[in-house]
Amino acid sequence: MNVLVTGSSSGIGETIARTLVEAGHQVVLMARCADRIVSLAKELNGEGAVCAQAVPGDVSIWADCARAVDSGLQSFGQLDALVNSAGTWVDAPFIEVEPDEIQDFIQTDVTGAAQISRAILPALQKGARGRIIHINGLQGFIRQRPPVLYAAVESAVRGLCESLRWEAASYGVHVGLITLGSVANTEPATPEPSVLHQEGKRYRLSRSEVTSAVLFMLLQPTGVNVDEIILTPLGQGW
Ligand SMILES: NC(=O)c1ccc[n+]([C@@H]2O[C@H](COP(=O)([O-])OP(=O)(O)OC[C@H]3O[C@@H](n4cnc5c(N)ncnc54)[C@H](OP(=O)(O)O)[C@@H]3O)[C@@H](O)[C@H]2O)c1
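Caption draft 1: Structural context of the layout of surface pockets. The volume enclosed by the largest pocket comes to roughly 1,500 Å³. Of all the elements in the fold, those that place two or more residues in the lining of the largest pocket are helix H1 (11-22), helix H4 (99-127), strand S5 (131-137) and helix H5 (148-169). Of the residues that constitute the lining of the largest pocket, the class distribution is 18 nonpolar, 22 polar and 10 charged.

What follows is the structure, given as structure tokens:
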């Protein structure tokens, strides 16, 4: 499978890209930090055939989205899936948020999600078994409390996926949403469950646990759509 992974310079997106390559798939790495994705591609490619192509870019810029898709098509001949893990966040109370923070958050998480989906759709339509997966957060459900901008942005991504799922099905493209509770900010080199626990209570997911859910969704047979996976650490309040 040839997969465009946005937000692959760090965090969940990087773990997804690494795991896909380890499992024998090809990836297009997209994020703004060129150094990080270029060195990740170099590491993943090693001495062998090219399985990772780095395309530095910003999902909020249409030309960058189009370039990532074109580069993937040139390198691998076809694209089978998008995993959109590019995202940012603003945790401050809404009354303290700066206008440029509002713009950045919406441009990256909402405009970016729509643009990268739109850019890859024609390529996925040609394969007639393509998949689009967006990584999102729980705040798209729990809108009755802060953080306010999360509620706005994650609701918008949820709306994009739920509506696009119907349109894209008509040309054979599957659309799914991975909705996450809290994810640990560090990933132990050897996954160590105790790192994710505190006083006997589970309080974070690991990136590899999130990646397992993404692979499950990606590897479904053609014609089977897993609409959504909601993944939370046991006991996380909504
Ligand atoms: N971590 C959690 O607890 C959690 C919970 C729920 C949902 N999520 C969602 O999961 C996704 C990934 O989160 P994470 O924890 O992996 O965060 P992260 O470690 O900060 O990674 C975010 C990635 O997005 C990229 N990015 C940011 N803005 C971009 C832009 N405009 N264009 C292209 N790439 C951009 C960043 O790379 P560059 O800076 O190099 O561009 C980075 O690779 C986000 O959408 C987040 O909202 C996370």
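Caption draft 2: Structural view of the site of the ligand. The ligand sits among 24 residues. The nearest are Ser 9, Ile 12, Arg 32, Cys 33 and Asp 58. Between the ligand and the protein, one listed contact pairs an oxygen atom with a backbone N or O atom of Gly 7 at 3.0 Å. Interatomic distance of 3.3 Å between a side-chain N/O atom of Ser 10 and an oxygen atom of the ligand. When the ligand is considered free in solution it has 890 Å² of accessible area, and contact with the protein chains removes 85% of it. Among the cavities detected, the one that contains the ligand is the largest pocket. Residue assignment for the shell around the ligand shows that the elements contributing at least two residues are H1 and S5. Here the shell around the ligand gets 3 residues from one element, more than from any other, and that element is S5. Here the residues of the shell around the ligand sort into 9 nonpolar, 13 polar and 2 charged.

Caption draft 3: Quick peek at the sheet that holds S5. Taking strand neighbours across the sheet as the criterion, the 7 strands line up as S3-S2-S1-S4-S5-S6-S9 in an open arrangement whose pairing is parallel. Either end of the sheet is taken by a strand with one partner, and the two such strands are strand S3 (52-54) and strand S9 (228-231). Strand-to-strand twist of the sheet, defined as the mean angle between neighbouring strand axes without regard to direction, takes the value 15°. Bridge analysis of strand S2 (residues 26-30) against S3 gives 3 bridges, and the strand direction is parallel. Looking at S3, one finds that Leu 29 is bridged to Ala 54. The strands touched by H5 are S5, strand S6 (174-180) and S9; relative to S6, the strand with the most contacts, the crossing angle is about 155°. The sheet strands contacting helix H6 (residues 207-218) are strand S4 (81-84), S5, S6 and S9, and the helix crosses S9 at an angle near 165°.

Cut-off values and rules
Residues numbered from 1 in each chain as written. Predicted model: local features only at pLDDT ≥ 70, side-chain atom pairs only at ≥ 80, totals over all residues. Heavy atoms only, no water. 1 Å grid on protein atoms, 1.4 Å probe; cavity = no way out; pocket = protein on both sides within 12 Å on 5 of 7 lines; lining within 4 Å. Points joined across faces, edges and corners; volume = space filled by probe spheres on them. Helix = DSSP H or I, 4+ residues; strand = E, 2+ residues; numbered from the N terminus. Nonpolar A, V, L, I, M, F, W, Y, C, P; charged D, E, K, R; others polar. Near = heavy atom within 4 Å. Polar contact = N/O pair within 3.5 Å; in protein donor to acceptor, adjacent residues only side chain to side chain. Areas by Shrake-Rupley, 256 points an atom, 1.4 Å probe, with all protein chains shown as cover. Sits in = over half its atoms within 2 Å of the grid points. Pairing = 2+ DSSP bridges. Axes fitted to C-alpha atoms, helices over the stretch in contact; angles between N-to-C directions. Contact = heavy atoms within 4.5 Å.

Treat this as a map of the structure, not an account of what it does.
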